[in-house]
Amino acid sequence: MVGGSTTECLFLDDTLAVTHLLQDRLREFYADSLNVKVYNAGKSGDKSYDHIAMLSHRILHLEPDLVIIFAGINDLTAAQYDKDYIHMPVYDVYPDLNIINLARYFLTEFQLPRRLYYIFQPIFAAPTPEQIQMAIEFKSNYKGLVALKESYPISDTPPKLDLPPYRRNLESIVGLCESHAVQLVFMTQAVTWDSRIDPDVTDWQWITYKNGHHYKEEDMARAMAEYNLVMKSVAEKYDLPLFDLPEYMPKSLEFFYDDCHFNIAGSKRAAKLLAEFLHDNNLLREDSEDEKAIR
C-alpha cells in the first residue's frame, strides 16, 4: 500500500495501522488458500511523483501481486505551494550573483556547512509556519498546529488546483504496474472537511492552513473532491478497480483524529471495508495446489 501519512498511520501503533489490520482481515478471508502479507510503503508528505519513485525504485522489483495507491491530499497541498512537479527551480526574480550569494551557494555544496546550518538555524531563526506543520515531534503538537491555523483569517479565495500533473502521475503509475504485470487498485482520499454530522471536527483540523492562507472547509472539501474525481477518471479510463473510501467513512471524530488521519476506529473500519472490496472483487490470486503444498 503506497501513499502519504494517511497510509503511514504515524501516530498509531504498527499493529493498528490500516495495512496491518488489512493483512489480518485478508488472512481471515483466505486462511486456507493464500498466505497474505501487506506491506506499508506510506511516507508522510509523499505526493504522486514520490509514489512513482517508491514503486519504480523500491517495490516493483520485489514482484508484488497487488499494489494499492492511496493518494490525493498531498497533491492538493502541493498546489497551494505552487510545487513544480518536474523539480525545476522557478523564480519570479533571480537572486543577485554577488559575493555573499555565491559564497552561500558554494558552501551549501558540502555536507559540513549544511549540517552546521541545520544545527544553528533553529537558534537564530524562529521556525516558519511550514516548518511547524512539517515537524514530526516526539509527542503530537495538535494544539500548536490548530493555533497556527486559527492565527490566520479565513480566506475568501478557494485553494488552487493543479490537476493535469496529478493525472499524468497516476497514469504513469498505471503504466509501471502494467509493465510489471502487477494488479493495481486506486483508493480515494477521505477528509473531515465540511462535516454535516460532527461539528467538533473543526477543533482538530489544521491542514486547512496552507502557505499563508486559512481556507474554508467547504472549499477544501470541494478541492479534495476534484482530486478524487481525477483518480476515478483514470481508473475508469484504464478499467482499474477503485475503492471510493469517502463513500464509507463518515466525517467524524469517531474515525479521524484531524483532517484526514485515521484514529484506531477509523483504521479498523477502513481495513475491514478495503478487505471486503478486494475479496468481493476477486483481486487477490489464490495459491495453486502446488503452492499450498510448498507453503
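Note that the coordinates shown come from a computational prediction; the quantities given were computed from them, not determined experimentally.

Trainee: Looking at this structure, I do not really get the overall build of the chain. What am I missing?
Mentor: Per the secondary structure count, the chain includes 12 helices and seven strands. Taking 19 Å as the expected radius of gyration for a compact globule of 295 residues, we find that the chain reaches 21 Å, a close match to that expectation. Projected onto its principal axes, the C-alpha positions of the chain cover 70 × 45 × 40 Å. Out of the 295 residues belonging to the chain, those deemed buried represent 44%. Accessible area for the chain stands at about 16,900 Å²; split by element, carbon and sulfur atoms hold 55% of it. Once the 29 positive and 45 negative side-chain charges of the chain are each reduced to a mean point, those two points are 3 Å apart.

Trainee: Before we go on, may I ask you to explain the pattern of salt bridges in this structure?
Mentor: Between side chains of opposite charge, pairing is possible as soon as their charged atoms come close. Summed over all chains, the structure comprises 10 salt bridges. Here Asp 65 and Arg 285 are joined by a salt bridge, their closest N and O atoms 3.9 Å apart. Within this pair, whereas Asp 65 is found in the loop between α3 (48-59) and β3 (66-70), its partner Arg 285 is found in the loop between α11 (264-280) and α12 (289-294), the two being separated by 220 residues in sequence. Classification of Asp 65 by relative accessible area gives exposed; the value is 55%. Across the pair Asp 156 and Lys 216 runs a salt bridge, and its minimum N-O distance is 3.5 Å. Of this pair, Asp 156 sits in the loop between α8 (142-150) and α9 (163-179) while Lys 216 is found in the loop between β6 (213-214) and α10 (217-237), placing the two residues 60 residues apart along the sequence. Given a relative accessible area of 28%, Lys 216 falls into the partly exposed group.

Trainee: How should I be thinking about the packing of helix α4 (residues 73-80) against α10 in this particular structure?
Mentor: When two helices pack together, their arrangement is given by the angle between their axes and by how far apart the axes lie. Viewed as axis vectors pointing N to C, α4 and α10 meet at an angle of 115°, and their least axial separation amounts to 9 Å. Between α4 and α10 the crossing geometry is right-handed. Judged by residue contacts, Ile 73, Asp 75, Leu 76 and Ala 79 of α4 engage Met 220, Ala 223, Met 224 and Tyr 227 from α10. Grouping the amino acids of the contact of α4 with α10 by side-chain chemistry returns seven nonpolar, no polar and one charged.

Reading guide: rules and limits
Residues numbered from 1 in each chain as written. Predicted model: local features only at pLDDT ≥ 70, side-chain atom pairs only at ≥ 80, totals over all residues. Heavy atoms only, no water. Helix = DSSP H or I, 4+ residues; strand = E, 2+ residues; numbered from the N terminus. Rg over C-alpha atoms; globule rule 2.2 N^0.38 Å. Buried < 20%, exposed > 50% of the residue type's maximum accessible area, 1.4 Å probe, protein only. Areas by Shrake-Rupley, 256 points an atom, 1.4 Å probe, with all protein chains shown as cover. Lys, Arg positive; Asp, Glu negative; His and termini not counted. Charge placed at Lys NZ, Arg CZ, Asp CG, Glu CD. Salt bridge = Lys/Arg side-chain N within 4 Å of Asp/Glu carboxyl O. Axes fitted to C-alpha atoms, helices over the stretch in contact; angles between N-to-C directions. Left-handed = near helix turned anticlockwise from the far one by under 90°. Contact = heavy atoms within 4.5 Å. Nonpolar A, V, L, I, M, F, W, Y, C, P; charged D, E, K, R; others polar.

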